[in-house]
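Secondary and tertiary structure notes
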Amino acid sequence: MSFQRPSGPTPPPGRRPFQPNARRRPRILIPVLAVLAGLVALFFVLADFITDLWWYGAVDFSEVFTTRLTTRLVLFVVFGITMALVVSINVVIAYRLRPNLRGMSQEQQNLDRYRVGLDPYKVPMMVLAATLLAILSGASASGEWRTWLLWRNGTRFGATDPQFHKDVSFYMFSYPWWRFLLGFGFAVVVVSLLATALTHYLYGGLRLQTPGQKSTSAAQAHISVLLGLFVLLKAIAYWLDRYGLAVSGGGFDAVSGWTGLRYRDVNALLPAKEILCAIAAICAVLFFANVWRRTWLLPGIGFGLLVLSALLIGAAYPAIVQQFQVRPSESSREAPYIGRNITATRDAYGLTNAQVAKSYDATTTVQPGQLRADANTTASIRLLDPNIVSPTFEAEQQIRRFYSFPEILRIDRYPIDGRSQDVVVAARELNLASVPQRNWINDHFLYTHGYGLVAARGNTVEPDGSPSYVSKDIPPVGQLPQDQPRIYFGEESPDYSIVGAKNGAPPREFDREDPSQANGQISNTYSGPGVGVGSLWRRLLYAVKFREQKILLSSEINPASKVLYIRNPRSRVARVAPWLTLDSDPYPAAIDGRIQWIIDGYTTSANYPYSSRTTLGHATQTAVTAEGGRVIAPRDEVNYIRNSVKATVDAYTGEVKLYTWDETDPVLMTWKKAFPGTVLDKGVIPKDLMDHFRYPEDYFKVQRELLARYHVTDPKAFYTKADFWQVPLDPTGADVSGIASGAESDPQPPYYLTLKMPSQDAATFSLTTTFEPLGRGQLAAFMAVDAEPGPDYGTIRVLPLSPSINVPGPRLVQNNIISDPIVSSAVLQYRGNKVRPGNLLTLPVGGGLLYVEPLYVQPSSGTSYPLLRQVIVSFGNNVAIGDDLKSALDKLFGGASGSGVPGSPSQQQPTAGPPPPDGSSAGGAAAVAAAISDAEQAFQDGRDALAKGDFTAYGKAQDRLDADLKKAAEAEAAKPTAKPAATFGPTPAPTSTPTPKATSPP
């Protein structure tokens, strides 16, 4: 075999022939790929930025986007440049102060090699390091945009702390900003010190291993200045720490969540901070003086004195005071400071005006007619449990299988049959998971919205136990007008839908069934606002945003197309009001023919002086949230909360409106300054919308968690915890065969009820809860807050029970129900089926506490959904069960409860024929009925007058009511034979023929 030399010119002697080197390609390729990757990442960021800008413009909240963006950019630039500039200047100074001659030690020889290698790249490396520092510092500072805006727009509270007598706004708005600036200052000085020391060491200004002098005079002076700045900042920190004691938490076992100064803080730690501040200032002067003296002796002595003082004065001395002065008589020493904590906590959580009665001497014995005085309350008792009947709503009102209802329904109020009634409501939302054929077109073009609001009476059910609907079916029929029932924005809406069609194009979005149409359905075209997606540029950006190439390629998108996204009502409000903490439970309401989502917004803080802290997630956790609901801000720790904003989201257009609710909240006033025009005044709230506002449940949960302790206002009694309460664990949470108490791992939720507290003249829509003594099962107190907008809205009323009266709490009542032989016998007829107790309601009626628990039965075969079959009631230690509430109460109270609860449908029909003669049993009943009818009218007239603010007419109506009730009592007493008492309250409408139930989901 022979080899032939390739043809071509022969390279000159001594030079290698040019050969393409494959290893040169990766050297070029890697930077190119890095640049391309950076451009792609930048394009993704740009796509998110531009689409966010379009979205904010579509919802008319562009100023929120621009204000927030501008603030973050300014903070990023200012603090990023400051960090980079200060550190760079110090590095340059250190470089210029380098010694011209360096020793020939082994240390310097090793450093020379590094210097030779770094010197050609020192400028690019410095620029790169400064850029990274600027980015990191700027990003950290931009995250403090809320802190900056609160400081910049802070509003005075008009109240001062008891120690330093500074307005509360200082702690809420100013102190956090000063703390941030101080922390940034420390970061700048520390990074500068490290960079300076490294530069001096690299260029010979510092010599750690070389014998003799360890630093040059210039390096020593430079580092002394930086150390002096550090110690000076420490002096400022000690001074600020004094105010920080008012908002610092923990360390006091006697008070959970403690915040504020204690005895040892005022008498030991506060003077120690002042002394340490002075020592640190002197130490800083010594470091600065070292620029001229050039000796580490005095600064070293000063720094050592500072450290020693911090240990002895700042730590040891307060510990000694705590151990030898406070502990022997802690309750008396800490009493003044516990008093400060009680006052501040009650104010910060809106508990200052809570009306705590001295004692409620509840009776535990039952008497015939005992409920007569509270007949209006008993007529309004809600039996429909919103936590149980969702499957019933779904079975009866789902209509199509791709609709669904939430797992937990909501409570609202509507004028039904001429009077305001509690109603269980639910939005019929789209459930894409159940669409018959899933594909991209169906998911995003055809199935786009839910349809209609379903509502049922809270205190009445059909004869078969199913809900008594006041709004149902598709299209909606009933007493709740819904001119626009379509739900494009809801809790279960798809991530995004592309809607809209060119003029003249046929609708394609599935709307509802219609047998008269050729295809058996009616389609719809969305006509509300949205973000246009018709152009190629917009389609490209949204294809990137949603990571879906079909948006760019699909022929289904036309120039009139719009994209709807961020459709969850809570998420939409969070976007336009990022400074709010939002309630976990938005609820739908039919207002002026449209469906509106209502969300409560809270202003919160953890910097209210002396107020105890609580974790929102823990305070709002109940048995209901454990079953699938949400909790508000699970990890946020706060010590101030106000329900300051009511927000609405239109279910069809997605329009967001924010309304001022608490006009006295300085935090809200501050945010309104920061984002002017975004929150509307309270005076512009439409009346129809106002009627559906309610006291928020999460706010109430937080308040009850604090009031369980802070109903005690005497500091020494508070210290002993002897009269502390606890929220009962929910005893009705499990599905069981027969009836039994449920899992007791989570607190009982509060309940919306219409009731009359002993101090009230009339029943009102309220949010209620009960308390038990710590570690016991008896009832300690009952609490209710007026939940309906009006003069008394937000008034908290607490009925502490007399310790001498043993009233069972919810868990003991549930045990009594389980062990009652009559209840057990009644439940036996449902064996083999799933039996579940509903919400165990507590009401102060008849001079005592009445418990009401609906009993739901779900068949084990066939169409399976829970129906209300029995009602269990308890008063004292007595228990009864009946087919309806009236029969159960009559059994409990000896056949004549005196309740205003409607009877069975047959009992509701009017009697025909002429009135019977006076003196007969029927005549006596007619007289009672006539007197009660007059009383009902007087009661309604009084409510109407109160709503109008006509207190003169209200007083006259109350006088008529008292007279009519007296007549009714006299007529009842004059009847010759004992008969069940006539009902008090409006006569229920005759029950209509029940709607046929679907035997299987469509």
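Residues numbered from 1 in each chain as written. Predicted model: local features only at pLDDT ≥ 70, side-chain atom pairs only at ≥ 80, totals over all residues. Heavy atoms only, no water.

Looking now at the environment of Ala 319. Within the fold, Ala 319 resides in helix 9 (residues 297-326). As for Ala 319 and Leu 269, which are separated by 50 residues in sequence, their C-alpha atoms are 9.3 Å apart. (Helix = DSSP H or I, 4+ residues; strand = E, 2+ residues; numbered from the N terminus.)

So, on to the sheet that holds strand 8 (residues 467-472). Pairing between the strands of a sheet comes from backbone hydrogen bonds, and it takes one of two forms, parallel or antiparallel. Ordered by their spatial adjacency, five strands build an open sheet running 3-4-7-8-9, and the pairing between neighbours is antiparallel. Two strands bound the open sheet, and with one partner strand each, they are strand 3 (410-416) and strand 9 (477-478). With two bridges joining them, strand 8 and strand 9 adopt antiparallel strand pairing. Bridging across to strand 9, Lys 472 finds its partner in Val 477. Here helix 12 (residues 390-397) sits on the sheet in contact with strand 4 (419-427), strand 7 (453-461) and strand 8, set at roughly 55° to strand 8. (Pairing = 2+ DSSP bridges. Contact = heavy atoms within 4.5 Å. Axes fitted to C-alpha atoms, helices over the stretch in contact; angles between N-to-C directions.)

With that out of the way, let us pick up the sheet that holds strand 15 (residues 562-565). The three strands lie next to each other as 11-15-14, forming an open sheet whose pairing is antiparallel. The sheet terminates laterally at strand 11 (496-499) and strand 14 (531-532), the two strands that pair on one side only. Strand direction decides the pairing type here: strand 11 and strand 15, joined by four bridges, are antiparallel. Paired with Val 499 across the strands is Lys 562, a residue of strand 15.

Along the chain, Ser 802 falls in the loop between strand 28 (796-800) and helix 23 (810-819). Taking relative accessible area as the criterion, Ser 802 reaches 10% and is therefore assigned buried. Of the polar contacts made by the side chain of Ser 802, one reaches the side chain of Ser 804; its length is 2.8 Å. In this structure, Ser 802 is in contact with Ser 359, Tyr 360 and Asp 361, ignoring residues within four places of it in sequence. (Buried < 20%, exposed > 50% of the residue type's maximum accessible area, 1.4 Å probe, protein only. Polar contact = N/O pair within 3.5 Å; in protein donor to acceptor, adjacent residues only side chain to side chain.)

This brings us to the pattern of salt bridges. Inspection of the entire model under this criterion finds 31 salt bridges. When the shortest N-O distance is used, the salt bridge between Asp 511 and Arg 486 registers 2.7 Å. One end of the pair, Asp 511, is in strand 12 (residues 509-513); the other, Arg 486, is in strand 10 (residues 486-487), and 25 residues separate them in sequence. The exposure class assigned to Arg 486 is buried, which follows from its relative accessible area of 16%. What you see here is one network of salt bridges that share partners, running through Asp 48, Asp 52, Lys 545 and Arg 575. (Salt bridge = Lys/Arg side-chain N within 4 Å of Asp/Glu carboxyl O.)

Among the ten residues in strand 26 (residues 764-773), ten count as buried, and that is most of the element. With burial as the criterion, each face of strand 26 is covered, one bearing Thr 764, Ser 766, Thr 768, Thr 770 and Glu 772 and the other bearing Phe 765, Leu 767, Thr 769, Phe 771 and Pro 773. Judged from the two bridges that link them, strand 24 (residues 725-726) and strand 26 form a sheet pairing that is antiparallel. The residue of strand 26 that forms the bridge with Gln 726 is Glu 772. Here strand 25 (residues 751-755) runs beside strand 26; their pairing, made up of five bridges, is antiparallel. Looking at the pairing, Thr 754 lines up with Phe 765 of strand 26.

Moving on to a nonpolar patch on the surface. Together, Ile 28, Leu 29, Val 32, Leu 33, Val 35, Leu 36, Leu 39 and Leu 42 make up an exposed nonpolar region whose accessible area comes to about 760 Å². In this fold, Val 32 is placed in helix 1 (residues 24-58). (Patch = residues over 30% accessible without salt bridge, like charges linked within 9 Å, V, L, I, M, F, W, Y side chains within 5 Å. Areas by Shrake-Rupley, 256 points an atom, 1.4 Å probe, with all protein chains shown as cover.)

Attention shifts here to the confidence of the model for the chain. Taken residue by residue, the chain gives an average pLDDT of 85. The fraction at 70 or more is 84%. Across residues 734-743 the pLDDT falls below 50, and counting only partners more than four positions away or on other chains, this stretch makes 32 contacts in the model. Under a pLDDT of 50 for its full length, residues 975-1002 has, in the predicted model, 63 contacts with residues more than four places off or in other chains. (pLDDT = per-residue confidence, 0-100.)

In this structure, the amide linkage connecting Ile 474 to the following residue, Pro 475, adopts the cis form with an omega of -5°. Secondary-structure assignment places Pro 475 in the loop between strand 8 and strand 9. Its identity as a non-glycine residue notwithstanding, Ile 399 has a phi of 65°, on the positive side. Mapped onto the elements of the fold, Ile 399 is located in the loop between helix 12 and strand 2 (403-404).

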